[in-house]
Amino acid sequence: MKKNIASIYKALPNLLLPWFAENARVLPWRQDKQPYHVWLSEIMLQQTRVEAVRGYFLRFLQAFPDIHTLAEAEEEAVFKLWEGLGYYSRARNLIKAAKIVMKQHGGQFPTAYKDILALPGIGEYTAGAISSICFEAPEPAVDGNVLRVSARVTDSHAPVTSPHIKKEVTAALRQVYPKGRCGDFTQSIMELGAIVCTPRSPRCDACPLTDICLGKKMGTQEDLPVKAPKKERKKYEKTVFLLTCKEKTAVQKREDKGLLAGLWEFPNVPGRLSPDEAVRQAEGWSTEPEAPLRSLERVHIFTHAEWDMTCYIIPCRKMPDTFHWVNPSEMNTEIALPTAFRIFWEAYNG
């Protein structure tokens, strides 16, 4: 590492820690340093905004206040509380990891970085966050916020999406972790990226790193970080069926692999069907359908895929065992519908 870059990293703790003490947001998962709370919050915050997570975090803790209750939980109950957060594999891995903690660690969250990293659903970032925040270990938690701060303060134009760059930043930060303040240092860099050194229009006037920031000095801060081009999302057309009969609605389970694996969904088929084709499809399921009441159009975007969906609301005279038929109360309290399908249920109910 170049000498001036090393000195920039070395200066970070003294500049960030006082700033963090004055400016840290009050967040429910910062009220203590219990590993269960930090772990849960970090998993929920993956790909999700802080404001969206607040309510989920508190409701989840109310239902599953500790690792033991989570390990004993029914998957459907966890999924229902997770409904709307997306990336349901995160919830499934929480349960798996909780069971491992109970079986292999006697119900105590492991303290060693390598043991934390070995748990399902925990990568280097989450392991670093838990290790530093809960156990004061000098283990960086390098996410998009941290990479952005690093790129700007060092005026680095290397693609931050490169695993090599992430390793370099991790190694550089590990060298400067302040003993006894590891957790605060980890959170201070995250916080700076979240509320000051933001992706667009960084607030350089409010930044404690302004005097050492090479990006600010060179006027490149808004051009950084450099990212490799994203792969174009694959687009799919789907026809979704909201089949109703005697105040009940048809749902089914998705396959146990692939996108939204093992979750509930409304019946659906590939492609865009016309109203007549949709009725014939429903007839093939032995529902004795009537004419569609109406249709709804929605687009749902996943990380790597985009669904262009047409949903037909079709009253039926029969409820074949092909599907699971649920009343509105069950739909709202027991059935965890991914957002891609929940949007049609909400539209149907006004």
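Look up a bit, the structure's there.
First, a word on what this report is: a plain description of the structure on this page.

## Overview of the overall build of the protein
No. 1: Tallying secondary structure elements over the protein gives 15 helices and 7 strands in all.
No. 2: Counting only C-alpha atoms and orienting by the principal axes, one finds that the protein spans roughly 75 × 50 × 30 Å.
No. 3: In the protein, which comprises 350 residues, the share counted as buried stands at 49%.
No. 4: For the protein, long-range pairs separated by at least 24 residues make up 69% of all intrachain contacts whose partners lie at least 6 apart in sequence.
No. 5: Per element, the accessible surface of the protein, about 17800 Å² overall, is 50% carbon and sulfur.
No. 6: For the protein, the centre of its 46 positive side-chain charges and the centre of its 41 negative side-chain charges are spaced 5 Å apart.

## Quick look at unusual backbone geometry
No. 1: In this chain, leucine 224 is followed by proline 225 through a cis amide linkage whose omega measures 5°.
No. 2: Inspection of the secondary structure puts proline 225 in the loop between α12 (214-218) and β1 (234-245).
No. 3: With a phi angle near 50°, serine 201 is a residue other than glycine that sits in the positive phi range.
No. 4: Residue placement: serine 201 occurs in the loop between α11 (182-195) and α12.

## Remarks on the pairing of strand β2 (residues 248-253)
No. 1: Pairing analysis gives 2 bridges linking β1 to β2, with the strands arranged antiparallel. Bridge pairing in β2 links cysteine 245 to lysine 248.
No. 2: Linking two consecutive strands that pair antiparallel, namely β1 and β2, is a turn of 2 residues; a positive phi of about 50° is found at lysine 246 within it.
No. 3: As judged from the 3 bridges shared by β2 and strand β7 (residues 324-326), these two strands associate in the antiparallel manner. Opposite alanine 250, over in β7, you have tryptophan 325 as the bridge partner.
No. 4: In the sheet, β2 pairs with strand β3 (residues 264-265) via 2 bridges, with the strands oriented antiparallel. Paired with lysine 253 across the strands is tryptophan 264, a residue of β3.

## Description of the environment of phenylalanine 323
No. 1: On the secondary structure map, phenylalanine 323 appears in the loop between β6 (305-315) and β7.
No. 2: In the structure, phenylalanine 323 is positioned 20 residues away from threonine 303 in sequence and 29 Å away in space, judged by C-alpha atoms.
No. 3: Excluding its chain neighbours within four sequence positions, the residues that come into contact with phenylalanine 323 are Leu243, Ala250, Val251, Gln252, Pro267, Trp285 and Thr287.

## Considerations on the nonpolar core
No. 1: Among the nonpolar cores identified, the biggest contains 97 residues, and Trp39, Phe60, Leu70, Leu173 and Phe266 are the most heavily contacted of them.
No. 2: Sorting elements by how many residues they give to this core places helix α1 (residues 3-23) first, with 8 residues.
No. 3: Not counting residues up to four positions away in its chain, the partners in contact with phenylalanine 266 are Val240, Phe241, Leu242, Thr249, Ala250, Val251, Gln252, Met331, Leu337, Phe341, Phe344 and Trp345.
No. 4: One finds Ala278, Trp285, Tyr312 and Ile314 within the second-largest nonpolar core, a separate group that totals 14 residues.

## Overview of helix α3 (residues 50-63)
No. 1: With 14 residues, α3 ought to run about 20 Å at 1.5 Å a step, and its terminal C-alpha atoms sit 20 Å apart, in line with that.
No. 2: Of all the positions in α3, only Val50, Val53, Tyr56, Phe57, Phe60 and Leu61 are classed as buried.
No. 3: In this structure, the buried side of α3 is in contact with α2 (35-45), α4 (67-71), α5 (75-82) and α6 (89-104).

## Here's the deal with the packing of aromatic side chains
No. 1: Counted by the stated rule, this structure contains 13 aromatic pairs.
No. 2: On the numbers, 5.4 Å between centres and 75° between planes, the contact of tryptophan 29 with phenylalanine 57 is edge-to-face. Placement of the pair is tryptophan 29 in the loop between α1 and α2 and phenylalanine 57 in helix α3, with a sequence separation of 28 residues.
No. 3: The class for phenylalanine 57 is buried, based on a relative accessible area of 1%.
No. 4: With a centroid separation of 5.9 Å and 65° between ring planes, the pair formed by tryptophan 307 and phenylalanine 341 is classed as edge-to-face. In this pair, tryptophan 307 is assigned in strand β6 and phenylalanine 341 in helix α15 (residues 339-348), connecting sequence segments 34 residues apart. Considered together, tryptophan 307 and phenylalanine 341 belong to a single accessibility category, that of buried residues.

## Structural notes on the state of the cysteines
Two cysteines, two sulfur atoms, one covalent bond between them: this is a disulfide.
No. 1: By the definition in use, this model includes 0 disulfides.
No. 2: Not engaged in a disulfide, the cysteine cysteine 134 finds its nearest cysteine sulfur in cysteine 182; these two sulfurs lie 12 Å apart.

## A closer look at the pattern of salt bridges
No. 1: Overall, the coordinates contain 19 salt bridges when judged by the stated rule.
No. 2: Here glutamate 191 and arginine 25 are joined by a salt bridge, their closest N and O atoms 2.8 Å apart. Of this pair, glutamate 191 sits in helix α11 while arginine 25 sits in the loop between α1 and α2, and the two are 166 residues apart along the sequence.
No. 3: Judged by its relative accessible area of 1%, glutamate 191 is buried.

## Re the environment of arginine 181
No. 1: The topology assignment puts arginine 181 in the loop between α10 (163-174) and α11.
No. 2: Residues arginine 181 and phenylalanine 302, spaced 121 residues apart in sequence, show a C-alpha to C-alpha distance of 38 Å.

## Comments concerning helix α8 (residues 124-135)
No. 1: Over its 12 residues, α8 extends 15 Å from the first C-alpha to the last, a length consistent with the 16 Å expected when each residue adds 1.5 Å.
No. 2: Residues Tyr125, Thr126, Ala127, Gly128, Ala129, Ile130, Ser131, Ser132, Ile133 and Cys134 constitute the buried set of α8.
No. 3: Buried-residue contacts for α8 involve α2, α7 (113-117) and α11.
No. 4: After α8 finishes, the residue glutamate 136 shows a positive phi value of roughly 55°.

Analysis parameters
- Residues numbered from 1 in each chain as written.
- Predicted model: local features only at pLDDT ≥ 70, side-chain atom pairs only at ≥ 80, totals over all residues.
- Heavy atoms only, no water.
- Helix = DSSP H or I, 4+ residues; strand = E, 2+ residues; numbered from the N terminus.
- Buried < 20%, exposed > 50% of the residue type's maximum accessible area, 1.4 Å probe, protein only.
- Contact = heavy atoms within 4.5 Å.
- Areas by Shrake-Rupley, 256 points an atom, 1.4 Å probe, with all protein chains shown as cover.
- Lys, Arg positive; Asp, Glu negative; His and termini not counted.
- Charge placed at Lys NZ, Arg CZ, Asp CG, Glu CD.
- Pairing = 2+ DSSP bridges.
- Core = buried A, V, L, I, M, F, W, Y, C linked by side-chain atoms within 4.5 Å.
- Expected span 1.5 Å × (residues − 1).
- Phe/Tyr/Trp six-rings, centres within 6.5 Å; stacked < 30°, edge-to-face > 60°.
- Disulfide = S-S within 2.5 Å.
- Salt bridge = Lys/Arg side-chain N within 4 Å of Asp/Glu carboxyl O.

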